[in-house]
Each structure stands twice: as structure tokens, then as C-alpha cells.
Amino acid sequence: MDPTPSQTEPVIRVEGLVKRFGGVTVLDGINLTVNPGETMVIMGGSGSGKSTLLRCMIGSHRPEAGRIELFGQNICGLDEERLNEVRKKFGILFQSGALFNSMTLYENVALPLQEHTDLDPEIIDIQVKIKLELVGLREHANKYPAQISGGMKKRAGLARALALDPKILFYDEPSAGLDPVTSAQIDQLIIALTRQLGVTSVVVTHEMDSAFTIADRMAMLDRGRMLFVEGRDWFENLRDTGEAETASLDEDRQLIRQFLRGAPDGPLASRRDAQGYEADLFGLTPDRVTRTPSLEPTRG
Ligand SMILES: Nc1ncnc2c1ncn2[C@@H]1O[C@H](COP(=O)(O)OP(=O)(O)OP(=O)(O)O)[C@@H](O)[C@H]1O
Ligand SMILES: [Mg+2]
């Protein structure tokens with residue numbers, strides 16, 4: 001009998017996640033599940049909370065409420081030592097690639113194996129070469145990060161993220177700052193790794209071409225709220241909804257449609273117009289903006 005998706009336990013389950021910085025709620029009751037072997041793309045405007053959600057999922061931010069299960073284990077209550085055990089099961093590719101500049105690419109990839117395993121140097125050597133080959137950098141193994149391009153740094157970061165054969169790979173803006181061709185190559189690499197190695201991928205991006213290329217499912221964040229988590233087709237249909245039918249969509253769907261199309265007009269534009277400027281101009285907090293601002297000095 002074929003296992004149906006409902007019989008497969010998610011590798012990541014986020015429930016009711018709340019994260020605040022100071023008094024500001026940045027994530028407000030987020031729910032999200034990621035199934036084994038799928039690529040989940042998390043989208044949203046700048047400041048919507050994508051990186052914060054990712055950092056919560058890898059245990060670098062502790063949430064104020066909610067649970068985050070990785071492989072069935074709630075990581076929220078874990079101490080650093082046990083968190084580090086869980087961390088061995090996933091790889092992370094940060095925006096910059098986060099390589100050590102004083103080490104060659106070879107040494108950068110070897111480091112996690114030296115630190116976290118008891119493998120013999122000969123086995124580590126083979127592992128490093130396999131990982132560098134996977135990302136097409138084996139012949140550049142002895143170069144330092146300063147000697148390679150931004151795209152190559154991303155690939156090297158990926159090779160290092162793969163060092164411990166992770167079950168999950170987290171990416172934050174993998175194609176940011178890359179030219180379109182290099183960016184497309186990174187996308188193809190993400191797809192190839194997912195297929196060849198069976199890893200589950202969580203990718204934060206606001207690059208829509210990339211999102212639609214790699215995603216199985218997509219999640220749309222807006223100002224700390226999760227608006228929708230749906231299959232890629234669902235988002236494609238919404239993006240391609242004609243102008244005439246748009247008026248019948250609710251505001252969340254209109255907002256996502258605008259976002260996916262990168263259109264200047266729509267709910268996001270009017271939101272920008274309506275908010276912030278007056279507050280900025282008169283030094284008011286947003287909930288006071290409705291009052292008529294006074295230009296009189298407040299002193300006295
Ligand atoms: N360590 C922190 N301390 C205080 N506020 C933070 C911290 N990290 C993020 N924030 C705030 O949380 C909100 C969400 O930030 P986050 O970095 O998650 O956004 P994002 O969706 O990744 O944006 P971008 O697309 O620009 O990377 C922002 O308002 C940001 O200023
Ligand atoms: Mg971010």
C-alpha cells in the first residue's frame with residue numbers, strides 16, 4: 001500500500017508560534033508543517049518575519065509561545081547541549097555563505113566533520129571531496145573565500161551545510177545578490193540536492209522566479225501573520241488571476257497576488273501610503289496617528 005501524505009509524519013511542525021522583540025510582536029501565532037523531502041518556500045515582504053521564523057526553527061531564537069517540533073521533538077525547551085544534538089541533523093545556508101575567511105574551501109567543509117564526528121582523516125577527506133563535487137567546486141578546494149565569486153561562496157556554504165549529511169536544509173535568501181544566471185544555477189542545485197539526497201528544504205526568499213522554480217509548497221507571511229500555506233499551483237493560479245476577477249478576491253488574496261506579480265498597485269501600496277509617514281513626520285507611534293498632529297511644541 002502506498003503511504004499517503006497524511007500517514008507521513010512532518011519533519012517540521014510549528015504550532016502557535018509567537019516571537020516578540022521588546023514589546024513588538026514579530027511572529028503572531030504561526031502554524032506550519034513541512035513534510036519529508038519537500039521544498040517549502042517561505043515568502044513575504046521585507047520585515048514580515050521570514051528570517052525570524054527561520055531562526056526560531058533552528059533554535060537560535062526562543063519563542064514566547066508555541067511549539068516547534070523537529071523530527072517529532074519539541075526544540076523550544078531544550079538546553080544548548082541537546083539543541084546542538086538536533087542541530088547536527090540539519091544544515092543552514094545563511095545569506096552570506098558564512099565561510100571562515102582564514103580557511104580554504106576544503107577546510108571550511110572539513111570543519112564540521114572534524115568537530116562533530118570521530119571519522120578518520122581519510123574518510124573526512126573523501127566526504128569533503130564528495131560535498132565539493134556536489135556543488136561543482138572540487139577543483140577550487142584550495143582557494144580562500146576572498147578568491148572566489150559571490151555565487152561560488154554560496155555554493156561553498158552549501159557544501160559546508162551538507163557536510164554532516166543533514167535531513168533538513170534551511171536557506172535564507174540563497175540567491176540574494178547574485179546575477180540571474182548564477183541565481184538560477186543555485187535554484188537548480190537546490191532542486192538537485194533535494195532529489196538526489198532526499199533532503200527536506202526550507203527556503204526563505206522574496207525572489208519570485210526562484211520561489212516558483214523550487215517550491216513544492218509555499219507559505220506567505222505578512223507582518224508576522226501566516227496568510228496561506230498552499231501548493232505551488234495554488235499560488236500560481238492566484239498570481240495569474242486576471243485583472244477583472246481581482247476585485248472579487250479578499251484582501252489577503254489581493255495582497256498575495258500583488259506580491260507575486262511585483263505589481264506597484266494593490267493593497268500593499270495603499271498600506272504604505274496610509275501608514276508610517278505621518279507617524280515618522282510627527283514622531284508619533286502608529287496608534288496615535290489618527291489624532292490630528294499638532295505642530296505646536298509639546299513642551300510646557
Ligand atoms: N534581533 C532582533 N531584535 C529586534 N528586532 C528584530 C530582531 N530581528 C528581527 N527584528 C525585527 O523583526 C521584524 C522581522 O524581521 P525579519 O528579519 O524576520 O524580516 P524578514 O522578513 O526576514 O525581512 P527581509 O526580507 O528584509 O530579510 C523586523 O521588524 C525586524 O526589525
Ligand atoms: Mg530576512
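Refer to the preceding data block for the structure.
Residues numbered from 1 in each chain as written. Chains lettered and ligands numbered in written order. Predicted model: local features only at pLDDT ≥ 70, side-chain atom pairs only at ≥ 80, totals over all residues. Heavy atoms only, no water.

Asker: Account for the overall build of the chain, naming residues and giving values.
Answerer: The helix and strand tally for the chain stands at 12 helices and 10 strands. Within the chain, the fraction of its 300 residues that count as buried is 44%. A sequence separation of at least 24 residues applies to 62% of the contacts in the chain between residues at least 6 apart. A total accessible area of about 16000 Å² is found for the chain, and carbon and sulfur atoms account for 48% of it. (Helix = DSSP H or I, 4+ residues; strand = E, 2+ residues; numbered from the N terminus. Buried < 20%, exposed > 50% of the residue type's maximum accessible area, 1.4 Å probe, protein only. Contact = heavy atoms within 4.5 Å. Areas by Shrake-Rupley, 256 points an atom, 1.4 Å probe, with all protein chains shown as cover.)

Asker: Quick one: what's the story with unusual backbone geometry, residue by residue and with numbers?
Answerer: Phi at Phe71 is positive, roughly 55°, even though this residue is not glycine. Take Phe71: it is sitting in the loop between strand S4 (65–70) and strand S5 (73–74). Of note, the phi angle at Glu173 is positive, near 50°, even though the residue is not glycine. Considering the arrangement of structural elements, one finds Glu173 in the loop between strand S7 (168–172) and helix H6 (180–197).

Asker: Tell me what's going on with the pattern of salt bridges, and back it up with residues and numbers.
Answerer: Counted under the stated rule, the structure contains 14 salt bridges. Across the salt bridge formed by Arg67 and Glu69, the nearest N and O atoms sit 2.9 Å from each other. With a relative accessible area of 15%, Glu69 lands in the buried category. Close ionic contact of Asp252 with Arg225 constitutes a salt bridge, the shortest N to O distance being 3.6 Å. Residue Asp252 is found in helix H10 (residues 251–261), and its partner Arg225 is found in strand S10 (residues 225–231); the two are separated by 27 residues along the sequence. Of the residues examined, Asp252 reaches a relative accessible area of 24% and is grouped as partly exposed. Since its relative accessible area comes to 39%, Arg225 is described here as partly exposed. One network of salt bridges, in which partners are shared, links Glu9, Arg13, Arg67 and Glu69. (Salt bridge = Lys/Arg side-chain N within 4 Å of Asp/Glu carboxyl O.)

Asker: Can you break down the pairing of strand S1 (residues 12–21) residue by residue, with the values?
Answerer: Bridging between S1 and strand S2 (residues 24–34) involves eight bridges; their strand directions are antiparallel. Paired with Arg20 across the bridge in S2 is Thr25. The hairpin formed by S1 and S2 contains two residues between the paired strands, and Gly22 there has a positive phi angle of roughly 60°. Across five bridges, S1 lies against S4 in antiparallel orientation. Bridged to Ile12 within S4 is Leu70. (Pairing = 2+ DSSP bridges.)

Asker: Provide a residue-level description of the packing of helix H5 (residues 150–161) against H6, including the pertinent values.
Answerer: Taken N-terminus to C-terminus, the directions of H5 and H6 make an angle of 15°; their axes are 10 Å apart at the nearest point. Classified by the interaxial angle, the pair formed by H5 and H6 is roughly parallel. Remark: the crossing between H5 and H6 carries right-handed chirality. Contact residues: Gly151, Lys154, Arg155 and Leu158 in H5; Thr182, Ile186, Leu189 and Leu193 in H6. (Axes fitted to C-alpha atoms, helices over the stretch in contact; angles between N-to-C directions. Parallel < 35°, antiparallel > 145°, perpendicular 65-115°, else oblique. Left-handed = near helix turned anticlockwise from the far one by under 90°.)

Taken by themselves, the reported measurements are silent on function.
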